[in-house]
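Secondary and tertiary structure notes
For reference, the chains in residue letters:
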Amino acid sequence: MVEEIRVLILEDVPLDAELIETQLKREGLEFKSKIVEKEEDYRREIAEFQPSIILADHSLPQFDGITAMHMAREISPNTPFIFVSGKIGEDFAVDMLKEGATDYVLKNNLSKLPHAVKRALEEAKEKMEKSAAEEALKEREEKYRNLFEYFPNYVVVLGLDGKIMDLNHAAAKFSPLSREDTVGMYFTDLQSVTGEDSSFYQELFSKFLEEEDVGTFESRLISREGEIRLMEVHPAPLYKEGEIYAIQIIAQDITERKKAETEVNASLKEKEMLLGEINSRVRNYMNIISSLLELQSVYMKDEENREVLKDNKNRVKSMLLIHDGFSQSEDFALIDFSQYVKKLIEHINNSYHVDTDRIKVNSKTEGLMLDIDSAIPCGLIINELLTNAVKHAFPGNEKGEVRVEFGLDTQENNVLIVKDNGSGLSDEINFKESKTMGFQLVNTLVNQLNGSVILSRDKGTTFQVIWSESEY
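The notes below deal with the structure included here. Computed from a predicted model, the values in this text were never measured in an experiment. (Residues numbered from 1 in each chain as written. Predicted model: local features only at pLDDT ≥ 70, side-chain atom pairs only at ≥ 80, totals over all residues. Heavy atoms only, no water.)

**Looking at the pairing of strand β12 (residues 359-364)**
Every second residue of β12 is oriented toward a common face, the buried set being I359, V361 and S363 and the non-buried set K360, N362 and K364. Both β12 and strand β14 (residues 400-408) contribute to a ladder of six bridges, which runs parallel. Each residue of the ladder has a partner; that of N362, found in β14, is R403. (Buried < 20%, exposed > 50% of the residue type's maximum accessible area, 1.4 Å probe, protein only. Helix = DSSP H or I, 4+ residues; strand = E, 2+ residues; numbered from the N terminus. Pairing = 2+ DSSP bridges.)

Spelled out as structure tokens, the structure:
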């Protein structure tokens, strides 16, 4: 959208004013004009009409062009001002141009007026754009300066010769010298730079000059109080017209953070040692219990009692496998339960001398991770149901398969399935009210999970344990 041209004409001769308007229209200028001859009207229209350009006669009965020009400069300094007069000499015209007039045109040569107006408007536009750009640049520089000055980290600007060009308030307070003394010094001559780091900064300048990438690094600096502080330093090149002209260094004091990290690491190491000791002792206690059960079984002459001791020994072993899984885990919070199930199957096969050619025990639990609250009862449940299956599901020389599966149902609940295709559990056995230790233990562990168990006797035996998903 083209901005409307508003022309304010200061003229006391109506015919001359009309000629001015006619000449402008003849050259195709579209404008809106106001004609005044008195000072009060002129002053008012400058404020209210806000002219794009002022065309003024040199002398009027009650007013004069010189006063009008100075008044325009005072009220609207960016508005072009052109003298249009028949009584103006060259010397006077030059003086007026020096004092602020944009141009002058003689009334006997009005054909030059449209060109003078167009040029004045164009120059005024360029001047305003330049002024706006300079103002925007000044504003950005002020913002940058404020950001630079009051940035909480230490900021230093170095020339490519290593001399300090500028530093912010924080860096000035840190430096042993005053700000005035610091600017102009070589950075490596500062008392803040420790001797062993001085050569590093010299290498830093060389890398920048060769346009090598210089990343973040740590450095030690000496404060005004003489205290050595550890800094995380972020160097960055500053460019002007595509060329590096300076290096900006931002240093963040990380002394306290490093101390805290050291303390935390020491505490973690101490806790890891303590946890390792606890793990070792728990494992030893479980092995002792297992050995005692094994020793006791040697003195048992009754085969049924010896079998009971073996079952209890395997229960201890199943918990020991879980414990080993957690102690080997990176975060001690989750166990790779799929690996645990495979080890448990291998242990049960070995413990009960399962003929793996006759009875296949398989699992489908890849990628399963459980927390300790779920892993221990879940592991014991699998141990009981697997043990029961390999001992009783395939009497004689029957062949078959036992499977352990894990998944999620449509409500995102955990579903553990232990099933076999053997002879099946007798209908006379009430699983929920069974007096055998194994089934009682399973029911107790399912309650511990706040879950439920479903028994199916179709084509073998299937136990399905369901409990709400844990956060893991």
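We are not done yet, so read on.
**Structural notes on the nonpolar core**
Core analysis: the biggest nonpolar cluster contains 41 residues, and F337, L370, I381, I382, L386 and L416 have the highest contact counts within it. Counting only elements with at least two residues in this core, the list comes to α11 (337-351), β12, α12 (372-392), β14, β15 (413-420), α13 (437-448) and β17 (461-468). If we skip the residues at most four places from it in the chain, I382 touches F337, V341, L344, T387, V404 and L416. The next biggest cluster of nonpolar side chains, apart from the first, holds 23 residues, and it includes Y154, L167, A172 and V233. (Core = buried A, V, L, I, M, F, W, Y, C linked by side-chain atoms within 4.5 Å. Contact = heavy atoms within 4.5 Å.)

**Considering the sheet that holds strand β4 (residues 81-85)**
Within the open sheet, the five strands sit side by side as β2-β1-β3-β4-β5. Their pairing is parallel. Both edges of this open sheet fall to β2 (31-36) and β5 (103-106), since each of them pairs with a single strand only. Between one strand and the next, the sheet's axes are offset by a mean angle of 20 degrees, whatever the strand orientation. When β4 meets β5, the two strands line up parallel, connected through four bridges. Its bridge partner lying in β5, F83 is registered against Y104. This element, helix α5 (residues 113-150), spans β1 (5-10), β3 (53-56), β4 and β5 of the sheet and lies at about 145 degrees to β3. (Axes fitted to C-alpha atoms, helices over the stretch in contact; angles between N-to-C directions.)

**Re the environment of K25**
Relative to the helices and strands, K25 is located in helix α1 (residues 14-26). By relative accessible area, K25 is classed as exposed at 54%. Along the sequence, K25 and P114 sit 89 residues apart, while their C-alpha atoms lie 8.6 Å from each other.

**Details of unusual backbone geometry**
The backbone of N450 sits at a positive phi, close to 55 degrees, despite the residue not being glycine. One non-glycine residue, K459, lies in positive phi territory at about 55 degrees. As for its placement among the helices and strands, K459 is situated in the loop between β16 (452-456) and β17.

**Overview of a nonpolar patch on the surface**
The grouping of V13, L15 and L19 at the surface amounts to a nonpolar patch, some 250 Å² of accessible area in total. Structurally, V13 is set in the loop between β1 and α1. (Patch = residues over 30% accessible without salt bridge, like charges linked within 9 Å, V, L, I, M, F, W, Y side chains within 5 Å. Areas by Shrake-Rupley, 256 points an atom, 1.4 Å probe, with all protein chains shown as cover. Salt bridge = Lys/Arg side-chain N within 4 Å of Asp/Glu carboxyl O.)

**Thoughts on the pattern of salt bridges**
With the rule as written, the count across this model stands at 23 salt bridges. As a salt-bridge pair, K34 and E45 come within 3.6 Å of each other at their nearest N and O atoms. With a gap of eleven residues between them, K34 in strand β2 and E45 in helix α2 (residues 39-48) connect regions that are remote in the sequence. Ionic pairing is found between R403 and E401, a salt bridge with its closest N-O pair at 3.4 Å. The partly exposed category is assigned to E401, whose relative accessible area is 26%. Residues participating in the shared-partner salt-bridge network are E218, E232, R257, K258 and E261.

**Examining the pairing of β3**
Neither face of β3 is exposed, since I53 and L55 on one face and I54 and A56 on the opposite face are all buried. The parallel pair β3 and β4 is bridged by helix α3 (residues 65-75), and the resulting crossover is right-handed. (Right-handed = clockwise from strand over helix to strand, strands pointing away.)

**Focus on the side chain of T182**
As for its position among the elements, T182 is in helix α7 (residues 179-182). Here T182 falls in the buried class, since its relative accessible area comes to 1%. At 2.7 Å, the side chain of T182 and the backbone oxygen of S178 are in polar contact. Not counting the four nearest positions on each side in its chain, T182 is found in contact with I164, L167, S175, L177 and L190. (Polar contact = N/O pair within 3.5 Å; in protein donor to acceptor, adjacent residues only side chain to side chain.)

**Observations concerning the sheet that holds β17**
The mixed open sheet is built from five strands, whose spatial order is β12-β14-β15-β17-β16. With one partner strand each, in any of the chains shown, β12 and β16 form the two edges of the open sheet. Averaged over neighbouring strand pairs, the angle between their axes works out to 10 degrees when direction is ignored. By the bridge criterion, five bridges tie β16 to β17 in an arrangement that is antiparallel. Residue pairing for β17: I454 is matched across the bridge by Q464. Taken strand by strand, α12 contacts β12, β14, β15 and β17, and its axis lies near 15 degrees from that of β15.

**Quick look at the packing of α3 against helix α4 (residues 90-99)**
The N-to-C vectors of α3 and α4 enclose an angle of 15 degrees; their axes lie 11 Å apart at closest approach. Put simply, α3 runs roughly parallel to α4. For the pair α3 and α4, the crossing hand works out as right-handed. Across from I66, M69 and H70 in α3, the residues of α4 making contact are F92, M96 and E99. Split by residue class, the contact of α3 with α4 holds four nonpolar, one polar and one charged. (Parallel < 35°, antiparallel > 145°, perpendicular 65-115°, else oblique. Left-handed = near helix turned anticlockwise from the far one by under 90°. Nonpolar A, V, L, I, M, F, W, Y, C, P; charged D, E, K, R; others polar.)

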